[in-house]
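# Chain and residue survey
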Amino acid sequence: MIKPLRGMKDLMFDDAQRFVHIVTTAVKVAKRYGYSYIETPILEETSLFKRSVGDSSDIVSKEMYQFEDKGGNDVCMRPEGTAGVVRAFVSAKLDRQPMKQKFYYYGPMFRYERPQKGRLREFHQFGCESFGEASVYEDFTLIVMISQIFKELGIGFDLLINSLGCPECMPPYRENLVNFLTDIKEELCEDCNRRIGTNPIRVLDCKNEKCQSLLPQSPKLIDNLCESCESDFKKLTELLDEAGIAYTVDTNLVRGLDYYNKTAFEFVSNEIGAQSAIAGGGRYDKLVEYLDGKPTPAVGFAIGIERIMELVKMPQPQREGYYMGAMVPEAVEKVIMLANDKRAQKKVTVEYSSKGFKSHMKGVDKSNARFAVLIGEDELKNGTVWIKDMESKEEKTISLEEF
RNA sequence: GUAGGCGUAGUUCAGUUGGUAGAGCACCAGUUUGUGGCACUGGUUGUCGCGGGUUCGAGCCCCGUCGCCUACCCCA
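Residues numbered from 1 in each chain as written. Chains lettered and ligands numbered in written order. Predicted model: local features only at pLDDT ≥ 70, side-chain atom pairs only at ≥ 80, totals over all residues. Heavy atoms only, no water.

## Here's the deal with the overall build of chain A
Of the regular secondary structure elements, chain A holds 14 helices and 16 strands. Its C-alpha atoms give chain A a radius of gyration of 28 Å, more than 25% over the compact-globule value 22 Å for 403 residues. With the C-alpha coordinates of chain A rotated into their principal frame, the extents come out at 95 × 50 × 45 Å. Burial status across chain A gives 51% buried among its 403 residues. Of all intrachain contacts in chain A linking residues separated by at least 6 positions in sequence, the fraction that spans at least 24 positions is 69%. (Helix = DSSP H or I, 4+ residues; strand = E, 2+ residues; numbered from the N terminus. Rg over C-alpha atoms; globule rule 2.2 N^0.38 Å. Buried < 20%, exposed > 50% of the residue type's maximum accessible area, 1.4 Å probe, protein only. Contact = heavy atoms within 4.5 Å.)

## Quick look at helix α6 (residues 170-183)
In this model α6 runs 20 Å from its N-terminal to its C-terminal C-alpha over 14 residues, within 8% of the 20 Å that 1.5 Å per residue would give. Taken together, the buried positions of α6 are occupied by Met170, Tyr173, Leu177, Phe180 and Leu181. For α6, the angular spread of the buried residues around the axis is 95 degrees, confining them to a single face. Seen from the buried face of α6, the exposed residues on the opposite side, beyond 90 degrees, are Glu175 and Asp183. (Expected span 1.5 Å × (residues − 1). Arc of directions from axis to C-beta.)

## Here's the deal with the side chain of Ser52
Tracing the chain through its elements places Ser52 in helix α2 (residues 46-54). Judged by its relative accessible area of 2%, Ser52 falls in the buried class. Separated by 2.7 Å, the side chain of Ser52 and the backbone oxygen of Leu48 make a polar contact. Excluding its chain neighbours within four sequence positions, the residues that come into contact with Ser52 are Ala83, Asp258, Tyr259, Leu287 and Leu291. (Polar contact = N/O pair within 3.5 Å; in protein donor to acceptor, adjacent residues only side chain to side chain.)

## Description of the protein's contact with RNA strand B
Taken together, 45 residues form the shell around RNA strand B, and within it Arg119, Arg195, Arg319, Asp365 and Glu395 come nearest. At the protein interface, 55% of the atoms of RNA strand B within 4 Å belong to sugar or phosphate. Arg319 is positioned with one of its side-chain polar atoms (N or O) 2.3 Å from a base nitrogen of RNA strand B. A distance of 2.3 Å separates a sugar or linking oxygen of RNA strand B from a polar side-chain atom of Asp365. Where the surface near RNA strand B is concerned, the elements lending two or more residues are α3 (58-62), β6 (122-131), β10 (277-283), α13 (357-367), α14 (377-382) and β15 (384-389). For the surface near RNA strand B, the leading source of residues is α13, giving 5 residues. (Near = heavy atom within 4 Å.)

## A few points about the domain arrangement of chain A
Here chain A is partitioned into domain 1 (13-169 + 225-311) and domain 2 (322-399). Between the C-alpha centres of domain 1 and domain 2 the distance comes to 50 Å. (Domains from an automatic or database assignment.)

## A few points about the side chain of Asn162
With respect to the secondary-structure elements, Asn162 resides in strand β7 (residues 158-163). Given the relative accessible area of 4%, Asn162 is considered buried. At a separation of 3.5 Å, a polar atom in the side chain of Asn162 contacts the main-chain carbonyl oxygen of Asp250. Other than its neighbours up to four places away in sequence, Asn162 contacts Ile222, Phe233, Asp250, Thr251, Leu253, Lys262, Thr263 and Ala264.

## A few points about the pattern of salt bridges
Under the counting rule described, the total for this entry stands at 19 salt bridges. The residue Asp389 makes a salt bridge to Arg370 at a minimum N-O spacing of 3.0 Å. Taken as a pair, Asp389 in strand β15 and Arg370 in the loop between α13 and β14 (371-375) lie far apart in primary sequence, 19 residues in all. Since its relative accessible area comes to 10%, Asp389 is described here as buried. The exposure class assigned to Arg370 is partly exposed, which follows from its relative accessible area of 27%. (Salt bridge = Lys/Arg side-chain N within 4 Å of Asp/Glu carboxyl O.)

## A closer look at the sheet that holds strand β12 (residues 322-326)
Pairing is mixed across the open sheet formed by 5 strands, whose spatial order is β13-β12-β14-β15-β16. The outermost strands of the open sheet, each flanked by one partner alone, are β13 (348-350) and β16 (395-399). Direction aside, the axes of adjacent strands within the sheet are offset by 25 degrees on average. Two strands pair when backbone bridges link them, and β12 and β13 are joined in this way by 3 bridges, in the parallel orientation. Bridging from a neighbouring strand, Tyr322 pairs with Val348 of β13. Sheet strands touched by helix α12 (residues 332-342): β12, β13, β14 and β15. Its angle to β12, the strand with the most contacts, is close to 160 degrees. Along the sheet face, α13 touches β12, β13, β14 and β15 and points at about 155 degrees away from the line of β12. (Pairing = 2+ DSSP bridges. Axes fitted to C-alpha atoms, helices over the stretch in contact; angles between N-to-C directions.)

## Quick notes on the packing of α2 against helix α4 (residues 82-91)
How two helices sit against one another is set out by the angle between their axes and by the gap between those axes. Following both chains from N to C, one finds α2 and α4 inclined at 105 degrees, their axes separated by 9 Å at the closest point. Between α2 and α4, the interaxial angle falls into the category roughly perpendicular. Together, Leu48, Phe49 and Ser52 of α2 and Ala83, Gly84 and Arg87 of α4 make up the contact between the two elements. For the contact of α2 with α4, the per-class residue count stands at 3 nonpolar, 2 polar and 1 charged. (Parallel < 35°, antiparallel > 145°, perpendicular 65-115°, else oblique. Nonpolar A, V, L, I, M, F, W, Y, C, P; charged D, E, K, R; others polar.)

## Concerning the nonpolar core
If you look at the biggest cluster of nonpolar residues, it comprises 67 residues, and the most contacted ones within it are Phe126, Ile149, Phe150, Leu181, Phe267, Phe301 and Ile308. Here this core gets 9 residues from one element, more than from any other, and that element is helix α5 (residues 136-152). Listed in part, the 32 residues of the second largest apolar core include Ile59, Phe89, Leu94 and Ala264. (Core = buried A, V, L, I, M, F, W, Y, C linked by side-chain atoms within 4.5 Å.)

Here it is in structure tokens:
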């Protein structure tokens, strides 16, 4: 028996319904905010992710499904969604239009990691990317939008926010931090020592207890922001306060991808295991440039669909459509033909074998049909059908034409 | 890559100090000839993950292997 690959899952029945409900809800909300659908390839040139997500990131350095295709191209399965959307934005030369652009997408992402609760090798994200809007109002609006999606899905969450600074205030801070970390590097873990060279900001997010115990005295970017970043971040907190959205400023919040600047945020849940991030995002004003576009401010986010699957409160399933069956073999084909016509309008479940009344009624329940429609000996003879409304329990025998 | 836990019926699991397997759920059929969800009765289902070893005998003990889960790392 061939089973799906490690970290990959089939989706069916209840889970499939949840999945569709999540996506349709998110799409519905995104459209209200003016987002339109974009679909980009799952396979992209490897350099796209090296240049956007960042060479030093774990995603690029060890988690990509990367290979050479038959034409000798270095390609990989997308590990996240933003890079592809930005590439598409630049490919279509939208960076040369003064118009603001907003896109939503959803689909599979691939990362070659060790699977655990809430972490798969193939997983799905719903995401939005807003181009051309530098205002912090947009950062705020995105956060409101995610809150609204979660609210409609019945999901509780905590919101963490931070500012990652910009090209003006980040470099001096970074130098400052590297100095601090270098002084205590003897006591930091192996990973952190590596991070000092590659991406010192990530040290702040280290889960190692020893490291964390040394970090409270570390310089915080939030205390060293430039005027513009400082005022934007302050504005964001004010807007969130006014909107009544609770948040925690987490100065150790570092997004895993290199392209973020200024606003970074993460929605987390404490009900789903160690992998608690259910949505994450932020601003990435330099990414369009990195990918050969004209400077274009941008901000976006992604929701991890599998991460919120078990959190979603599903609406009550409603009885729908018809169940049709025959109680004498001669009536089977009559039932099938009748069902064909009915299906032009309604959902119909047909039982092909002639069965007893009781057996059919069980089938009606199983199919969750609103109406039971049966043809027995009498109905066949008289050219009628017996129909019962399973909710009102009202039943009657009517002519074929009437049905 | 590292650590721990687990692989027995479709599913969730039980299986005593080693004596060639069981329950609930699900499924199917009935419960006086055409009224469902409930209840009752009956029935079907397993190369006990795979390969070796110990033993008269292994689901149980030993070794290996594969797979799954959880956690670290990292992140949605």
